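Summary of the model geometry
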Amino acid sequence: MDSSGTKSMAALTDSDAEDTAQKVALITGASSGIGRSTAETLAREGVRVALAARRKDKLQQLKERVESDGGTALVVETDITDEDDVREAIEQIENRFGRLDILVNSAGMMILDQVEEADITEFQRMIDVNLNGLMRVTQAVLPLMQRQGSGHVVNISSLAGRKSFPGASGYSASKYAVNGFSEALREEFSGEDTEYIRVTDIEPGFVETDLSEGLPPEWMETLDPADVARSVRYAVSQPPHVDVNEILLRPTQMEL
Ligand SMILES: NC(=O)c1ccc[n+]([C@@H]2O[C@H](COP(=O)([O-])OP(=O)(O)OC[C@H]3O[C@@H](n4cnc5c(N)ncnc54)[C@H](OP(=O)(O)O)[C@@H]3O)[C@@H](O)[C@H]2O)c1
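Residues numbered from 1 in each chain as written. Predicted model: local features only at pLDDT ≥ 70, side-chain atom pairs only at ≥ 80, totals over all residues. Heavy atoms only, no water.

1. Quick look at the packing of helix α1 (residues 33-44) against helix α6 (residues 225-236)
It is the contact of α1 with α6, at a shortest axis distance of 8 Å, that shows an interaxial angle of 50 degrees. Relative to α6, α1 is oriented oblique. Like other packed secondary-structure pairs, α1 and α6 cross with a definite hand, here right-handed. For the pair α1 and α6, the contacting residues are G33, I34, S37, T38, T41 and L42 in the first and P225, A226, V228, A229, V232, R233 and V236 in the second. Among the residues forming the contact of α1 with α6, the class breakdown is 8 nonpolar, 4 polar and 1 charged. (Axes fitted to C-alpha atoms, helices over the stretch in contact; angles between N-to-C directions. Helix = DSSP H or I, 4+ residues; strand = E, 2+ residues; numbered from the N terminus. Parallel < 35°, antiparallel > 145°, perpendicular 65-115°, else oblique. Left-handed = near helix turned anticlockwise from the far one by under 90°. Contact = heavy atoms within 4.5 Å. Nonpolar A, V, L, I, M, F, W, Y, C, P; charged D, E, K, R; others polar.)

Shown next as structure tokens:
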């Protein structure tokens, strides 16, 4: 500490980071892409990971990989558009681990289409996953986090939640909404007389995953899922007084 009581730059080292080992994280969309990479990254840090998605075989394979690396994983087959599925997933986590420290909302889908040609029913299906599903899972974990007096919600939003572009109307709408939801949640749980729950919005540009397959080649200067996973790890390993609210990541050469 210097004479003003603040830490000097030299004192701010990785040793200030919060120890995430033995924490419990629920990761939705863990069967592929960013969710899978985040689960692997957190598990390597000692976090016990609950893996949620619809494709149980993929989750099972990931669980085996995590456990062969010495980690702990639980498969919770979940469709986040289904209220019963979500409730049962949280019950399974509580029964197995007795707590939940981190929720990473990564489950999502992307349909790109010009408004005049779009199938609005498909846009609604996307909003049901990207927004309604995310809100449903978040609301379902809150009682557990409130009982603990702490928790961290990480929402995988998108650059498209900060900046729209032609063809992205429905997708962008879902991600702008996620950003609005995240900010309100943060304000609801900040302040001294509330439980302490941190909220982080992560906004990647294009990432090479199943979701971005088929995009025009000029957009395909991409990030790797592990780049996004590292940003999640950064956000959840800060000391309790640090709430990283927003991380926007672009591939360096991306102009959009
Ligand atoms: N790739 C990009 O360029 C990019 C950029 C910015 C933000 N993002 C966001 O990052 C997140 C992850 O996407 P990704 O790129 O990793 O794509 P991905 O590889 O296609 O992964 C999407 C994941 O969402 C899950 N999912 C979809 N619908 C679900 C449902 N109803 N219930 C439960 N799980 C569901 C899928 O699992 P199942 O099919 O097994 O259920 C899958 O694990 C999304 O929110 C996406 O919008 C992606």
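2. Things to note about the site of the ligand
Close to the ligand lie 30 residues; S32, R54, Y171, V207 and T209 are nearest. Here an oxygen atom of the ligand sits 2.6 Å away from a polar atom, N or O, in the side chain of Y171. Between the ligand and L211, the relevant distance is 3.4 Å, taken from an oxygen atom to a main-chain nitrogen or oxygen of the residue. Looking at the shell around the ligand, the elements with two or more residues in it are α1 and α5 (169-188). (Near = heavy atom within 4 Å. Polar contact = N/O pair within 3.5 Å; in protein donor to acceptor, adjacent residues only side chain to side chain.)

3. Things to note about the nonpolar core
L26, V76, I93, L100 and V141 are the most contacted members of the largest nonpolar core, which totals 40 residues. Put simply, the parts of the chain that give this core at least two residues each are β1 (24-28), β2 (48-53), β3 (73-77), α3 (83-97), α4 (120-148), α5 and β6 (196-204). Tallying contributions element by element places α4 first for this core, with 8 residues. Not counting the four nearest positions on each side in its chain, L26 is found in contact with A50, A52, V76, I90, I93, L100, I102, L103, V104, V137 and V141. Residues I27, L62, V104 and V207 belong to the second largest nonpolar core, which totals 30 residues. (Core = buried A, V, L, I, M, F, W, Y, C linked by side-chain atoms within 4.5 Å. Buried < 20%, exposed > 50% of the residue type's maximum accessible area, 1.4 Å probe, protein only.)

4. Some thoughts on the environment of I127
Relative to the elements of secondary structure, I127 occurs in helix α4. Counting along the chain gives 104 residues from I127 to K23, while the straight-line C-alpha distance between them is 30 Å. Excluding anything up to four places from it in sequence, I127 contacts N132, G170 and S174.

5. Observations concerning the packing of α1 against helix α2 (residues 56-68)
Running from N to C, α1 and α2 cross one another at 20 degrees; their axes reach a closest spacing of 10 Å. Comparing their axes, α2 and α1 come out roughly parallel. Handedness of the crossing formed by α1 with α2: right-handed. Residues R36, A39, E40 and A43 of α1 lie in contact with α2, whose contacting residues are L62, R65 and V66. Residues of the contact of α1 with α2, tallied by class, amount to 4 nonpolar, no polar and 3 charged.

6. Some points on the confidence of the model for the protein chain
Confidence in the prediction for the protein chain averages 91 pLDDT; 91% of positions are at 70 or higher. Taken together, the stretch residues 1-13 has pLDDT below 50 and engages in 5 contacts with residues farther than four places along the chain or on a different chain. (pLDDT = per-residue confidence, 0-100.)

7. Let's talk about the side chain of D201
Mapped onto the secondary structure, D201 falls in strand β6. Here D201 sits buried without a salt bridge, and the closest side chain of opposite charge, R162, lies 7.4 Å off (N-O distance). A polar side-chain atom of D201 sits 3.0 Å from a polar atom in the side chain of S182. (Lys, Arg positive; Asp, Glu negative; His and termini not counted. Salt bridge = Lys/Arg side-chain N within 4 Å of Asp/Glu carboxyl O.)

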